[in-house]
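Per-entry structural report
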Amino acid sequence: MQKQTHTTKQYDQERLDTLSWLRFPLIVGVVFAHCNIYALVESWEGTAPEWPAWVEYLFTYFHWIVLPARVPLLFIISGYLFFRTEKPRNKAFFADKYRRRTHSLFIPYIAWNTIAIAILYLRFNIIDGCNYSLLDYLSGYWNFILREGGDPANGPLWFMRDLMVVSLLAPLLHIFIKKRTTGIIFLAATTICYAAKTAIPITGFSNVAILFFSIGAYLATHNIDFTKIPTPIGIITTILYFPIQFFMNSIDENSPYIDTMFLVTCIVKITATLYIVSLLFRKGVLHPTPGLTKLCFILYALHGIIIGPIIKTAYFTLNSNNKPFTAILIFFSTPVVIIAITALSHHLLTRYTPRLASILGCNRR
C-alpha cells in the first residue's frame with residue numbers, strides 16, 4: 001500500500017512538472033502574439049507597410065505555427081489545477097479556492113489594471129489633453145471603453161478576468177462534471193456551443209474560457225493523466241502538428257467552419273505538445289525550471305504595459321519603415337528584452353519591496 005501511494009505521488013509530481021514547465025513557453029507565445037509589428041505599424045501610420053507577403057505571414061502566424069495553442073492549454077491547466085485535490089470537493093474546498101484565488105488572481109488583476117489606467121490617464125488626459133471621464137477609466141477594470149476588443153485597460157489580462165469568472169462558476173461546473181457520463185455530455189454541449197459561436201453576451205463569459213477550463217476540471221475530477229499520451233496518438237499528432245496549422249492559416253477568417261477547425265487544430269497541437277514534453281521529461285532531457293516558472297505571471301502582466309512602447313521606440317529609432325529585415329529583428333528581440341526587464345523587475349520587487357511584490361503576484365508559483 002505504501003509503495004502504491006509512493007508511485008501515485010511520483011506520477012502526480014511528473015504530471016505537475018510537465019504542466020509547470022509548459023507555462024513559460026506558453027506565456028512567451030503570448031508575448032510573440034502581441035509583437036505583430038505589421039498590424040502595429042498599420043495602426044500607427046494608417047496604412048499597411050509595403051513589405052513582402054511572406055513578412056506579413058511571419059508576423060501574423062509565427063506564434064501559431066511554432067508554439068502550441070496557448071490560451072486553450074493555459075485554461076486547461078488552470079481548470080485542472082483548480083479542481084485537483086484528494087479531498088472532497090465540498091463547500092469548504094471551494095471556499096478555500098476562492099480565498100486563494102483572491103490573493104493570486106483578483107488582487108494582482110486590480111493592481112496591474114490600476115497601473116495601466118494611471119499610465120493611460122497620463123497619456124490621454126495629461127499629455128494629449130483629452131477629457132475622458134473617471135467612469136471611462138473605471139471601465140478599464142473590466143471592459144475598457146477606450147480600447148477595442150472588450151479587453152481591460154491592461155489588455156492581456158482579459159485571460160485573468162475570464163479565468164476569475166469561470167472560477168466563480170466552479171461549483172456549478174462541478175455539478176455537471178462530477179459524473180463521467182454527465183460530464184461528457186456537458187463538454188460535448190459546450191463544444192457544440194463554441195463551434196456554433198453560441199456565447200453568453202456578457203463580457204468575461206467567453207466560450208474559450210468555459211470550454212477549456214471545464215475540460216481541465218473534468219480531467220482533474222476523474223484523475224485522468226492527460227500528460228501521458230499513448231505513443232501511436234502522440235506520433236500521429238506530432239506528424240500533423242505543422243501541416244494542420246498551415247491548413248488552418250489558409251482558411252478564410254470569415255468561414256463558418258473557422259471555429260470548428262480551430263478546435264481540431266487545438267486538440268492536435270495540445271496532444272502533440274503534451275506527448276513530446278512528457279516524453280522528454282521521462283527521458284531526462286527536460287527538467288523542472290522553477291526559475292523561469294516564477295517569472296511567468298509578472299511576464300504575462302508586465303508585457304501588456306511595456307510591449308507597445310518598446311516596439312514603437314525601436315521601430316522609429318531604427319527608421320524601420322520599408323525595412324522588413326529590421327522589423328524582423330525587432331520582432332524576435334522584443335521578447336528577449338521583455339524577459340530581461342521582467343527578470344530584473346521580479347528580482348528588485350521581491351528583494352526590496354516584498355509587500356508590493358505580493359500584491360503584484362510576483363510570489364506566485
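See the structure above.
Residues numbered from 1 in each chain as written. Predicted model: local features only at pLDDT ≥ 70, side-chain atom pairs only at ≥ 80, totals over all residues. Heavy atoms only, no water.

1. Here's the deal with the overall build of the protein
Stated precisely, the cut-off is as follows: The helix and strand labels rest on DSSP assignments: H or I over at least four residues marks a helix, E over at least two residues marks a strand, and numbering proceeds from the N terminus. Two things to know: the radius of gyration comes from C-alpha atoms, and the globule rule equals 2.2 Å times the number of residues to the power 0.38. Exposure is judged per residue with a 1.4 Å probe applied to protein chains only, and the accessible area is read against the type maximum: over 50% gives exposed, under 20% gives buried, and values in between give partly exposed. Any two residues whose heavy atoms approach within 4.5 Å are treated as being in contact. Note on areas: Shrake-Rupley with a 1.4 Å probe; residue coverage comes only from the protein chains shown. Positive charge is attributed to Lys and Arg, negative charge to Asp and Glu, and no charge count is given to His or to the chain ends. Charged groups are reduced to one reference atom each: NZ for lysine, CZ for arginine, CG for aspartic acid, CD for glutamic acid.
When you go through the protein residue by residue, the secondary structure sums to 16 helices and 0 strands. What you see for the protein is a C-alpha radius of gyration of 21 Å, in line with the 21 Å of a compact globule of 365 residues. Each principal axis of the C-alpha distribution contributes one length, and for the protein these read about 70 × 45 × 40 Å. Every one of the 365 residues in the protein was classed for burial, and the buried ones make up 47%. Taking as baseline every contact in the protein between residues at least 6 positions apart, the subset at least 24 positions apart corresponds to 74%. Of the roughly 18900 Å² that the protein leaves accessible, carbon and sulfur atoms contribute 66%. One way to put it: in the protein the 31 positive side-chain charges average out to a point 16 Å from where the 18 negative ones average out.

2. Some points on the nonpolar core
Put simply, the rule is: We call a set of buried residues a nonpolar core when its members are Ala, Val, Leu, Ile, Met, Phe, Trp, Tyr or Cys and they connect through side-chain atoms within 4.5 Å of each other.
Grouped together as the largest cluster of nonpolar side chains are 100 residues, with contacts concentrated most on Ile 37, Trp 51, Phe 59, Phe 83 and Trp 112. Sort the elements by how many residues they give to this core and helix α14 (residues 296-317) lands first, with 13 residues. Excluding its chain neighbours within four sequence positions, the residues that come into contact with Trp 112 are Asn 154, Leu 157, Phe 297, Ile 298, Ala 301, Leu 302, Ile 305 and Leu 360.

3. A look at the side chain of Asn 113
Applicable threshold: In protein, a polar contact requires one atom able to donate a hydrogen and another able to accept it; more generally it is a pair of N or O atoms within 3.5 Å, and residues adjacent in sequence count only if both atoms are side-chain atoms.
With respect to the helices and strands, the residue Asn 113 is situated in helix α5 (residues 91-127). Classification of Asn 113 as buried rests on a relative accessible area of 0%. Within the local environment of Asn 113, its side chain forms a polar contact with the backbone nitrogen of Ala 153, the two atoms lying 3.4 Å apart. A polar side-chain atom of Asn 113 sits 2.9 Å from the main-chain amide nitrogen of Asn 154. Setting aside residues up to four positions removed in sequence, Asn 113 forms contacts with Gly 140, Tyr 141, Pro 152, Ala 153, Asn 154 and Leu 157.

4. A look at the side chain of Asn 249
When you line up the elements, Asn 249 lands in helix α11 (residues 231-250). Polar side-chain contacts of Asn 249 include one of 3.1 Å to the side chain of Tyr 57. Among residues more than four places away in sequence, those in contact with Asn 249 are Tyr 57, Tyr 61 and Ile 65.

5. Some details on the packing of aromatic side chains
For clarity, the cut-off: In this scheme Phe, Tyr and Trp rings, the latter by its six-membered ring, pair at centre separations within 6.5 Å, and the angle between planes marks the pair as stacked below 30 degrees, edge-to-face above 60, and tilted otherwise.
Under the definition given, this model contains 36 aromatic pairs. Between Phe 83 and Phe 213, the aromatic rings sit 6.3 Å apart at their centres with planes inclined by 70°, giving edge-to-face as the arrangement. Here Phe 83, found in helix α4 (residues 70-83), pairs with Phe 213, found in helix α10 (residues 207-221); they are 130 residues apart in sequence, far enough to count as distant. For Phe 213, a relative accessible area of 1% corresponds to the buried category. Here Phe 331 and Phe 332 contribute two aromatic rings whose centre-to-centre distance is 5.0 Å and whose plane-to-plane angle is 80°, an arrangement assigned as edge-to-face.

6. Concerning the packing of α5 against helix α7 (residues 158-168)
Applicable threshold: Each axis is a line fitted through C-alpha atoms, and for a helix only the stretch in contact is used; angles between axes span 0 to 180 degrees, taken between their N-to-C directions. For this classification, under 35 degrees means roughly parallel, over 145 means roughly antiparallel, 65 to 115 means roughly perpendicular, and everything else is oblique. A clockwise turn of the near helix away from the far one marks a right-handed crossing, whereas an anticlockwise turn of less than a right angle marks a left-handed crossing. Under the scheme applied here, ten amino acids are nonpolar (Ala, Val, Leu, Ile, Met, Phe, Trp, Tyr, Cys and Pro), four are charged (Asp, Glu, Lys and Arg), and all others, including Gly, are polar.
At a minimum axis separation of 10 Å, α5 and α7 run at an interaxial angle of 160°. For the element pair α5 / α7, the angle class is roughly antiparallel. Crossing of α5 over α7 shows left-handed handedness. Across from Tyr 98, Leu 105, Phe 106, Pro 108 and Tyr 109 in α5, the residues of α7 making contact are Met 160, Arg 161, Leu 163, Met 164, Ser 167 and Leu 168. Here the contact of α5 with α7 is composed, by residue class, of 9 nonpolar, 1 polar and 1 charged.

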